[in-house]
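# Coordinate inspection notes
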Amino acid sequence: MIELIHLVKKFGDLVAVNDISIEIPAGEFFCVLGPNAAGKTTTIKMLTGLIKPTSGAAKVCGIDVQKDPLEARKRMAYVPDFPFLYDKLTPWEFIRFTGQLFQMPDAEIRSRSEELIARFHLDEYLRKPIEGLSHGTRQRIAISAALLHRPDVFVIDEPMVGLDPQHARVVKDILRERADEGMTVFLSTHQLSIAEEMANRIGIINRGAFAGVGTLDELRSQSGSDGKLENCFLSLTAEAAEEPETAPIA
Amino acid sequence: MDRTDARNAIPSPMALLLRVSLLQAWRKLGAIRSQSRLLSFVIFGFMVGYVVLSFLLFYNGLQFVGRFPGLGEVLTERLLFLMFACLFVMLLFSNLVIGYTNLFRNRESTFLLTSPVSFQTIYRWKFMETCALASWAFLFLVAPLLAAYGLHQHAPWHFYVMTVGLVSVFIILPTSLGAFFAINLARFMDRRSFQVAMIGLALVVLAAAAIYMKPEIVQEDIEDTRVLGLMDRLLVRTRFAHYPLLPSFWLSSGVVHWLEGAVATATFFFLVMLSYSLFFGFLSFTSLGAMFYEATSVARSRGGVFGQWEWFKRRDSRRRSLPDSGGVAESFLNWLFWLPSDVRALLVKDIRVFWRDTTQWGQTLMLFGLLGVYILNLRHFSNQMVNPFWIHLVSYLNLGACSLNLATLTTRFVYPQFSLEGKRIWIIGMAPLGIVRVIRTKFWLAALSALVVTIGLMALSCRMLNLPADRTVFFSGVVSVMTFTLTGLAVGLGALYPNFKEDNPSRIVSGFGGTLCLVLSFVYIVFSVVTLALGAAWWKAQEASGNPEAPYMLLFLSVSAALLWLPMKLGMAKARSTEL
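A quick note: this is a predicted structure, and the numbers were derived from the prediction, not measured. (Residues numbered from 1 in each chain as written. Chains lettered and ligands numbered in written order. Predicted model: local features only at pLDDT ≥ 70, side-chain atom pairs only at ≥ 80, totals over all residues.)

Moving on, we get to the sheet that holds strand E2 (residues 14-24) of chain A. All names here are of chain A. The four strands lie next to each other as E2-E1-E4-E5, forming an open sheet whose pairing is antiparallel. The sheet is open, and its two borders are formed by E2 and strand E5 (63-64), each paired with just one other strand. In the sheet, strand E1 (residues 2-11) pairs with E2 via eight bridges, with the strands oriented antiparallel. Directly across from Val8, in E2, lies its bridge partner Asn18. Sheet strands touched by helix H1 (residues 40-48): E1, E2 and strand E4 (55-60). Its angle to E1, the strand with the most contacts, is close to 120°. (Pairing = 2+ DSSP bridges. Helix = DSSP H or I, 4+ residues; strand = E, 2+ residues; numbered from the N terminus. Contact = placed C-beta atoms within 7 Å. Axes fitted to C-alpha atoms, helices over the stretch in contact; angles between N-to-C directions.)

Shown next, in the form of structure tokens:
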């Protein structure tokens, strides 16, 4: 599970994240939406421990990401929108390396990766250098490697960039299955259709704070608009935009 | 633990990172087989050539200095101490820059920070990587120097083994200090202000060195004793290399004493260095990990340092509220009304990119700044020189130095220009401007900008050497031709061997085209300077009749024209057929 407790992040005068609090229980598929520069990536960076919050805390499975980072990271996986891969390695070498970083025995790496490799159709690329592979294939490798150690919390930023419809479906299916098995998914995207289709709850961030959180029905009532998520999104972000600016703080 | 357990044991993160890194390095090495044989040959030839040439240079230099009556030994030793002191400063600077980039601007660091690897382990890994990356060039530089020194002093075989040990221990110190400074700089400065501060610091150091090392005019009345006086002053001025707390002093003392057979003293200096390396290495390995995370978080979380000042805040706010007026570059280029507007737009874009890339103008400033300081100091040299032979020789050497500086910059910055359009190539490629005019515009912009600096430096060189006006015109003309040729070579080869996959200019330059550009530029400069010097009559005993320079000049102009025209023609032909 994920707990964000009064998270604040300031970049100089600018308040990028302004007092975000939320609890996402185990097994929930949570989607974060928001306009550009709303604070989504900054929130993810604090959740994954890449940056320190100015105040507040982020917890993963009850472990404070700042106080016990190693334990928190053992239970978590993070796939950014443009993941880093070692270009001269082959996909299999990279997947095995990631498994070993998570202290997985070889036999376990082998058995778990077989399923992922088959589902992501990576078989034909296993022995080719990563440097020659397309963005979509690299994305599939990164997701496979991240899922290998069966994390309790899975954080992913724009997962569908570069993926063809077939593999986008595979990613959705796997994440749904894992969420059903108890993995918490924290997904940031601009594609409203993914949130609409996959999420148990959706959080709409605007100007560093949640403009709305809840199921699609709850968002409809919060925004006062009917129908598609797009209407709720536009309504909630427009409302916030009209309010007087909270940031910057002196 | 039985054998099965040992086989199944999971390696530590450090061992895993080391293994992956070695595997990557091995694959890169293996990739040489698939790259052009000509490129491999050129690189290998260049490396061997460098080692042999620098060895010969050091060896002959040491022989020359060693023959100085009475002071040969002292001067040789001082030279060694000075070299290591300068190399230590360079190594420290190199470690600082590479360490900063490696720790805070590296995608692997970001990846590892979200993996279950401790901050200390990530820091240790980056520390070792920085040490290797920053030190290999140092090792490449000192190997021929130490070999030449050993041979010159008839050193026994164990001297060479000992120096390997001394140098291995020595390189840990600048890495530790560099990493410490890099982490603290990241904590307190953003990238932009760091770059500006570094360039500012380098300029201050340069200016201080120029003032400190300024030659003094020797009075006529002490001419009899002026050599001894000069030597005395030289030794006093360079005494800083013997400062006992300088790590380079321990290294140099270890080398010198081992060579003299004072094993105990050499071992003492080795142990001094070892103790400092262990102390700072231990501190770094055990304590800087947490600080590294702090610094990473700060570096990723901060608005620009300049943004905290009121003036910058007001400027940013003005920029948000007012339409862009076009800026200085655009206003300046608007005067060139005869140029088509699309060409002007491209020029403005290239000028802005150059100005906003601190690396580009920083390195340009450093290279030509150093040359400028040196040329300015020539006035003292020429005041004391009565023999025109040396004056002329120096003027030709200045031509070579100025062109070599230019070649470094054209290869480093002009060559990758076309490739750097990279994924953006469709913008200018699809524009009515046409790709060929883009190349021509890049050529003219680079050549004319470089010309301002090269003509200025050559004119200054002639002025400092008190050369007559006709020689100033001659050198200005020659350096202009060389500027156009070197720029044409870089632009043409850049278009002929484009690499649209890379965003990193140094990787683009390290390909076949970049290496070819560097080698051809170097060969062309050596050829030009030697040809022109051979054509000049100043070094001959008697002046030849007629115009002896004409055939040499003709040869120089023909080669220059060919090296300008051919790559540009081939590059433009290639660009026309490039599929965007």
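Residues and elements named next belong to chain A. Examined against the element boundaries, Leu192 turns out to sit in helix H7 (residues 192-198). Judged by the 17 C-beta atoms lying within 10 Å of it, Leu192 falls in the partly exposed class. If we skip the residues at most four places from it in the chain, Leu192 touches Leu33, Leu229, Glu230 and Phe233. (Buried ≥ 20, exposed ≤ 12 C-beta atoms within 10 Å, placed from the backbone.)

Before going further, it helps to spend a moment on the packing of helix H21 (residues 435-464) of chain B against helix H25 (residues 549-577) of chain B. Residue and element names in this part refer to chain B. Two elements in contact, H21 and H25, have axes whose closest approach is 9 Å; the angle formed by their N-to-C orientations is 145°. Like other packed secondary-structure pairs, H21 and H25 cross with a definite hand, here right-handed. Of H25, the residues touching H21 (which contributes Ile435, Val436, Ile439 and Phe443) are Met568, Gly571, Met572, Ala575 and Arg576. For the contact of H21 with H25, a count of residues per class yields seven nonpolar, one polar and one charged. (Left-handed = near helix turned anticlockwise from the far one by under 90°. Nonpolar A, V, L, I, M, F, W, Y, C, P; charged D, E, K, R; others polar.)

All right, on to the confidence of the model for chain B then. On average, chain B scores 83 in pLDDT, and the residues at 70 or more come to 86%. This complex was scored by the predictor with a pTM of 0.80 and an ipTM of 0.89. (pLDDT = per-residue confidence, 0-100.)

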